[in-house]
Amino acid sequence: MSTTALEALKTQAFVDANARIVDQFRNDPDRLSRMSLDVCGLYVDVSKQSWSKSGFDRAIELFEQSGLVEAREKMWTGKEINVSEGRAVLHVALRDSDAENARLRGPEITHDVRSARDAMRDYAGAIRSGTITGATGKPFKTIIHIGIGGSDLGPRLVFQGLAPLNPQIDVRFVANVDGSELALALAGLDPAETLVIAVSKTFTTQETLANFLAARDWLIKGLGEDAAKKHLAAVSAAPDKTGAYGIAPDRVFGFKDWVGGRYSLWSAVSLSVIIALGFDVYERLLDGARQMDQHFLTAPFARNAPILLAAAQVYNRIAHDRPSRAVIPYVHRLRRLAAFLQQLEMESNGKRTSPTGELLATKTCPVVFGDEGTNAQHAFFQMLHQSEDVVPLELIAVQKNAEASDDMQKKLLSNVIAQGEAFMVGKSLETSIAECKALGFDDARTAQIAPQKVCPGNKPSTTVLISELTPETLGALLALYEHKTFAEGIVMGLNSFDQWGVELGKTLASGVLRDFTAATVGDHDPSTTALIDRVK
């Protein structure tokens, strides 16, 4: 990161802190047009962020001087940018055309992407047509998709988001190693009509294997061991490991190690969704993401949607030290979006060191949290509106929803728009006093209640309005956040594509698991030892 550009941003942010957002609109007639844009079926508006025109310009300059252009070129052409693991980062290749893959990345990548697509298309088509059936000849009616992290969050979000397209086959997702989730997923199902797909990049993930083995046992109990094999499939970058679990080689669908887990929904990781919704829907999802890719590649930074979102986050997190951000999708079909972004952003950028091991000079990723609106308004918006802490707000909505009446949709959208306005304008003590007087409160009651109704306002928000939730706009939305995350990582000076911090808890869990059956417990602190003893 450019130290000079960063200091200029912090200096301007200090000045901006003394101004109100509503005054910025009054003083800058072009603010809305400069800080909003339509792209790929999305309307992105960052004009309610707390930056001035100068603050906005300094934030954009920080990205322009960060080396992002060069890093983007390296990622796009398959150079090794995940330096700690010695890998390229090529999830964009999964949604690119054969011609572009051949031009930018060579024949090997082109072949890998095309062969994986063809294999998924053929397998999904055969199941949907009834050419491939279960052991008894019955067509598959339900898929149990078993994965965790990137092997679950993306496909689950896409399936829920596109469910109005009437999936031919139901998909039930299982991630948690708590056996209750698998039990709920299997409830009421006929093993003869159920396909189990295990999704694990390494095929060593403890939670996924535990759930897969339990689901396989359920199939064996209902069908017999040999028959159960016809109900198993896997998605993995380690096909050498899947055979040991009874999965036939022609039912294993691979993806390469240049596809990071949290970027893998574009790969065979979404096989369940492809089977359920059809390969044409998958291609439309890829097309929407591809459109956003091209926008990210070609648009000037000041008119580049991923850069605008990234600049707002860097301005809030680094310049103002705001440690969290609330993401509120006013879209029931996107109710898992906040969870998806938690992994995408916090696992990618929640780090403290550079790719060469030095401690970073700034804070990095904020805490990302959220829930679907309007539910969230009745849960934690009290704190967002009245707390002295400033939590930047991200509002995501769909303009047209065929599942809702016009009246219901207008009520929903009125809440989206009003929350952004309320976050900015707040409610003064004078207004609260006037409201109390209008209700007939005496002076004592007014003095008691009016201060409790005050909302300080001047809190920043971003709005992303989706024209209609289609495969294309959903693909564009997810690619928007992927590129936002990548751009932030470059500015912060970190590697967005590894996740070493995830390993510690996994390693310790293996030791604790051994202790449950060992004659003597290993060396732990007194609290941990006591908990192990209670379980034993």
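Residues numbered from 1 in each chain as written. Predicted model: local features only at pLDDT ≥ 70, side-chain atom pairs only at ≥ 80, totals over all residues. Heavy atoms only, no water.

### Quick word on helix α16 (residues 337–349)
With 13 residues, α16 should reach 18 Å at 1.5 Å per residue; the first-to-last C-alpha distance of 17 Å fits that figure. Within the span of α16, buried status applies to Leu-337, Ala-338, Ala-339, Phe-340, Leu-341, Gln-343, Leu-344, Glu-345, Ser-348 and Asn-349. Contacts made by the buried residues of α16 are with α8 (153–161), α15 (305–319), β8 (324–330), β9 (367–369), β10 (393–400) and α21 (471–492). (Helix = DSSP H or I, 4+ residues; strand = E, 2+ residues; numbered from the N terminus. Expected span 1.5 Å × (residues − 1). Buried < 20%, exposed > 50% of the residue type's maximum accessible area, 1.4 Å probe, protein only. Contact = heavy atoms within 4.5 Å.)

### With respect to the pattern of salt bridges
All told, the structure shown has 36 salt bridges when counted by the stated rule. Residues Asp-118 and Arg-114 are paired through a salt bridge, measuring 3.1 Å at the closest nitrogen-oxygen approach. With Asp-118 and Arg-114 both in helix α7 (residues 107–129) and 4 residues apart, the pair spans about one turn of that helix. Its salt-bridge partner being Glu-347, residue Arg-262 comes within 2.9 Å of it at the nearest N-O pair. Of this pair, Arg-262 sits in the loop between β7 (252–253) and α13 (271–277) while Glu-347 sits in helix α16, placing them 85 residues apart in sequence. We classify Arg-262 as buried; its relative accessible area is 4%. Among the residues examined, Glu-347 registers a relative accessible area of 23% and is labelled partly exposed. Linked by salt bridges that have partners in common, Asp-98, Arg-114, Asp-118, Arg-121 and Asp-122 make up one network. (Salt bridge = Lys/Arg side-chain N within 4 Å of Asp/Glu carboxyl O.)

### Overview of the packing of aromatic side chains
As enumerated under the stated definition, the model contains 14 aromatic pairs in all. When the ring of Trp-76 is compared with that of Phe-296, the centres are 6.3 Å apart and the planes differ by 45°; the resulting orientation is tilted. Remark: Phe-296 occurs in helix α14 (residues 279–298) and Trp-76 occurs in helix α5 (residues 68–76); sequence separation between them is 220 residues. Residue classification places Trp-76 among the buried residues on the basis of a relative accessible area of 3%. Measuring from centroid to centroid gives 6.0 Å for Phe-159 and Phe-173, while their planes differ by 55°, and the two rings are tilted. With a gap of 14 residues between them, Phe-159 in helix α8 and Phe-173 in strand β4 (residues 170–174) connect regions that are remote in the sequence. Positioned above the aromatic ring of Phe-296 is the side chain of Arg-72, whose terminal nitrogen or guanidinium carbon lies 5.4 Å from the ring centre. (Phe/Tyr/Trp six-rings, centres within 6.5 Å; stacked < 30°, edge-to-face > 60°. Lys NZ or Arg CZ within 6 Å of the ring centre and 35° of its normal.)

### A word on the environment of Asp-280
Mapped onto the fold, Asp-280 is located in helix α14. For Asp-280, a relative accessible area of 49% translates into the label partly exposed. When the C-alpha atoms of Asp-280 and Cys-455 are compared, they prove to be 48 Å apart, with 175 residues separating the residues in sequence.

### Digging into the packing of α16 against α21
Running from N to C, α16 and α21 point in directions that differ by 25°, and their axes come no closer than 10 Å. As summarised for this structure, α16 and α21 are arranged roughly parallel, according to the angle between their axes. Here α16 runs over α21; the crossing is right-handed. Residue-level contacts link Leu-337, Phe-340, Leu-341, Leu-344, Glu-345, Ser-348 and Asn-349 of α16 to Leu-477, Leu-478, Tyr-481, Glu-482, Lys-484, Thr-485, Glu-488 and Gly-489 of α21. (Axes fitted to C-alpha atoms, helices over the stretch in contact; angles between N-to-C directions. Parallel < 35°, antiparallel > 145°, perpendicular 65-115°, else oblique. Left-handed = near helix turned anticlockwise from the far one by under 90°.)

### Thoughts on unusual backbone geometry
Excluding glycine, residues mostly carry a negative phi; peptide bonds, for their part, are mostly trans. Cis geometry marks the peptide bond from Gly-373 to Thr-374, where omega comes out at 10°. The backbone of Cys-40 shows a phi angle near 55°, a positive value even though the residue is not glycine. Tracing the backbone through its elements, the reader meets Cys-40 in the loop between β1 (36–39) and β2 (42–45). At Asn-458, a position not held by glycine, the phi torsion is positive, near 55°. Of note, Asn-458 is situated in the loop between α20 (443–449) and β11 (461–468).

### Points about the sheet that holds β11
One open sheet holds the 6 strands; their spatial order is β1-β2-β11-β10-β8-β9, and the pairing between them is mixed. A single partner strand is all that each edge strand has here, and the edge strands are β1 and β9. Within the sheet, the average angular offset between the axes of one strand and its neighbour, ignoring direction, is 15°. Here β2 runs beside β11; their pairing, made up of 4 bridges, is antiparallel. Note on β11: the bridge partner recorded for Asp-45 is Thr-463. Contacts from α15 reach β1, β2, β8 and β11 within the one sheet, and its direction differs from that of β1 by about 140°. Packing against the sheet, α16 makes contact with β8, β9 and β10, and its axis sits at approximately 165° to β9. (Pairing = 2+ DSSP bridges.)

### Details of the sheet that holds strand β6 (residues 232–235)
The 5 strands are arranged β4-β3-β5-β6-β7 in an open sheet whose pairing can be described as parallel. Each edge of the open sheet is held by one strand with a lone partner, namely β4 and β7. Along the sheet, helix α9 (residues 179–186) contacts β3 (142–146) and β4; its crossing angle with β4, the most-contacted strand, is approximately 170°.

### Quick word on the pairing of β8
With 7 of its 7 residues buried, β8 lies for the most part within the structure. The two faces of β8 match: Ser-324, Ala-326, Ile-328 and Tyr-330 on one face and Arg-325, Val-327 and Pro-329 on the other face are all buried. In this sheet, β9 lies alongside β8 in parallel orientation, the contact comprising 3 bridges. For Ser-324, the partnering residue across the bridge sits in β9 and is Val-367. At this point the chain moves from β8, through α16, to the parallel β9, and the crossover so formed is right-handed. Bridge analysis of β8 against β10 gives 5 bridges, and the strand direction is parallel. (Right-handed = clockwise from strand over helix to strand, strands pointing away.)

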